[in-house]
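Reading the structure
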Amino acid sequence: MSSKTKKATASSILIVLMIGVVFYASMEDYQKERVSEFFGSFFASAEVIEK
């Protein structure tokens, strides 16, 4: 990969992560709770698959 491609990819990932953080911060408390429950159950089921 060229340096230009790496920089473009890294900046794109950074922008997406920043948008996600801003979106999460703007959520109501009950929405944050539901999102955390979703990811908790998602990763809990992923651990079961690995074993």
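Residues numbered from 1 in each chain as written. Predicted model: local features only at pLDDT ≥ 70, side-chain atom pairs only at ≥ 80, totals over all residues. Heavy atoms only, no water.

Of the regular secondary structure elements, the protein holds 2 helices and 0 strands. Across the 51 residues that make up the protein, the buried fraction comes to 2%. Of the roughly 4,800 Å² of accessible surface on the protein, a fraction of 68% belongs to carbon and sulfur atoms. (Helix = DSSP H or I, 4+ residues; strand = E, 2+ residues; numbered from the N terminus. Buried < 20%, exposed > 50% of the residue type's maximum accessible area, 1.4 Å probe, protein only. Areas by Shrake-Rupley, 256 points an atom, 1.4 Å probe, with all protein chains shown as cover.)

Moving on, we get to the packing of aromatic side chains. The full count for this structure, using the stated rule, is 4 aromatic pairs. Seen in terms of ring centroids, phenylalanine 38 and phenylalanine 39 are 5.3 Å apart; in terms of plane orientation they differ by 65 degrees. Their pairing is edge-to-face. On the basis of an interplanar angle of 75 degrees and a centroid distance of 5.3 Å, the ring pair of phenylalanine 42 and phenylalanine 43 is categorised as edge-to-face. Relative accessible area serves as the criterion here: at 44%, phenylalanine 42 is assigned to the partly exposed category. Taken together, the aromatic side chains of Phe38, Phe39, Phe42 and Phe43 make up a single cluster linked through ring pairs. (Phe/Tyr/Trp six-rings, centres within 6.5 Å; stacked < 30°, edge-to-face > 60°.)

A contiguous patch of negative charge, built from Glu28, Asp29, Glu33 and Glu37, is present on the exposed surface. Relative to the elements of secondary structure, glutamate 28 occurs in the loop between helix 1 (3–25) and helix 2 (29–50). Accessibility expressed as a relative area gives 49% for glutamate 28, which makes it partly exposed. (Patch = residues over 30% accessible without salt bridge, like charges linked within 9 Å, V, L, I, M, F, W, Y side chains within 5 Å. Salt bridge = Lys/Arg side-chain N within 4 Å of Asp/Glu carboxyl O. Lys, Arg positive; Asp, Glu negative; His and termini not counted. Charge placed at Lys NZ, Arg CZ, Asp CG, Glu CD.)

Together, Phe38, Phe39, Phe42 and Phe43 make up a nonpolar patch on the protein surface, roughly 440 Å² of accessible area in all. Assignment of secondary structure puts phenylalanine 42 in helix 2.

Structurally, valine 35 is set in helix 2. Here the alpha-carbon distance between valine 35 and tyrosine 24, two residues 11 residues apart in the chain, equals 9.0 Å. Setting aside anything within four residues of it in sequence, one finds valine 35 in contact with Tyr24 and Met27. (Contact = heavy atoms within 4.5 Å.)

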